[in-house]
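# Coordinates in review
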Amino acid sequence: MDKNKAGLIVEKLSTVFTDKPALNFNSPFELLIAVILSAQCTDERVNKVTKVLFERANTPEQMLSLSQNELEEYIFSCGLYKSKAKHILSACADLTEKFNGQVPNDVESLRTLAGVGRKTANVVYSVAFGGNAIAVDTHVFRVSNRIGLVSATNVLNVEKGLMKILNESDWSRAHHYLIYLGRSYCKAIKPDCENCPITEYCKKRIKR
Ligand code: SF4
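These lines cover the structure that appears in this document, whether it is placed above or below. Please read these numbers as outputs of a predicted model, since none were measured by experiment. (Residues numbered from 1 in each chain as written. Predicted model: local features only at pLDDT ≥ 70, side-chain atom pairs only at ≥ 80, totals over all residues. Heavy atoms only, no water.)

Next up on the list: the packing of aromatic side chains. Evaluated as defined, the whole model comprises three aromatic pairs. Here F76 and Y81 contribute two aromatic rings whose centre-to-centre distance is 4.8 Å and whose plane-to-plane angle is 55°, an arrangement assigned as tilted. The exposed category is assigned to F76, whose relative accessible area is 52%. The class for Y81 is partly exposed, based on a relative accessible area of 25%. Joined through ring pairs, the aromatic side chains of F17, Y180 and Y185 make up one cluster. (Phe/Tyr/Trp six-rings, centres within 6.5 Å; stacked < 30°, edge-to-face > 60°. Buried < 20%, exposed > 50% of the residue type's maximum accessible area, 1.4 Å probe, protein only.)

In structure tokens form, the structure reads like this:
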């Protein structure tokens, strides 16, 4: 696929989907916590949990005033609650000790925080700070390969491939569009190709 066609796909998707995340947040810190909680959990569930949690704690200092057990009770329904609570408290300790209580606005620093991998760092960098980055989650991975935007077997190569074929100014919004496309039409099982908005551009569809 060439850059021109990739650009057309992004434009088409922009007419159907929003470029805003489905997670609710009011600060970079809230977004960071919400993204950590979203691992293997729906955004809908995370929003329910953070609505209550952030009333009690929405700064690193306030979060650290919770014990591991207390935090686990707040986030229990998100799943993986023990490791998520541990990561959140460790990340908050890092923020307090190394970053003056502020979420850093660069990917490298973000990635030094506990529980923050490449995907989470890219989401926070792009959504909270307006940086150009592509976070590759399971939807972006699957959909990008199906469409033919990339042909890659690991997350890093999908990210690199998308960075190459998409205009840099489109990276962040394309990330959101691909997630929404994966959730609504291009599902893992039985993709709805008949009604998909980019069916005319899709490699998987054209091959049939
Ligand atoms: S046409 Fe089908 S396979 Fe291609 S992006 Fe749409 S739903 Fe996915």
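Time to look at helix α8 (residues 118-129). Residues spaced three or four apart along an α-helix point in a common direction, a consequence of the helix completing one turn every 3.6 residues. The terminal C-alpha atoms of α8 lie 16 Å apart, and with twelve residues this matches the ideal 16 Å at 1.5 Å per residue to within 8%. What α8 keeps buried is the set T120, A121, N122, V123, V124, S126 and V127. Its buried side turned inward, α8 meets α2 (28-37), α7 (107-110), α10 (155-165) and α11 (171-184). Just downstream of α8 lies G130, where phi reads positive at about 70°. (Helix = DSSP H or I, 4+ residues; strand = E, 2+ residues; numbered from the N terminus. Expected span 1.5 Å × (residues − 1). Contact = heavy atoms within 4.5 Å.)

So, about the site of the ligand. Every residue close to the ligand is listed here: R146, I147, Y185, C186, P191, C193, C196, T199, C202, K204 and R205. Among the secondary structure elements, those contributing two or more residues to the shell around the ligand are α9 (138-147) and α12 (203-207). (Near = heavy atom within 4 Å.)

To continue, consider the pattern of salt bridges. Per the counting criterion, the structure on display carries seven salt bridges. Residue D43 pairs with R183 through a salt bridge whose shortest N-O separation is 2.8 Å. Taken as a pair, D43 in helix α3 (residues 43-56) and R183 in helix α11 lie far apart in primary sequence, 140 residues in all. Owing to a relative accessible area of 34%, R183 belongs among the partly exposed residues under this scheme. Here E159 and R118 are joined by a salt bridge, their closest N and O atoms 2.7 Å apart. Taken together, the residues span a long stretch of sequence, with E159 in helix α10 and R118 in helix α8 at a distance of 41 residues. Residue E159 is classed as buried on the basis of its relative accessible area of 6%. By relative accessible area, which is 34% here, R118 ends up partly exposed. Shared partners join several salt bridges into a network, and the residues in it are E11, D170 and R173. (Salt bridge = Lys/Arg side-chain N within 4 Å of Asp/Glu carboxyl O.)

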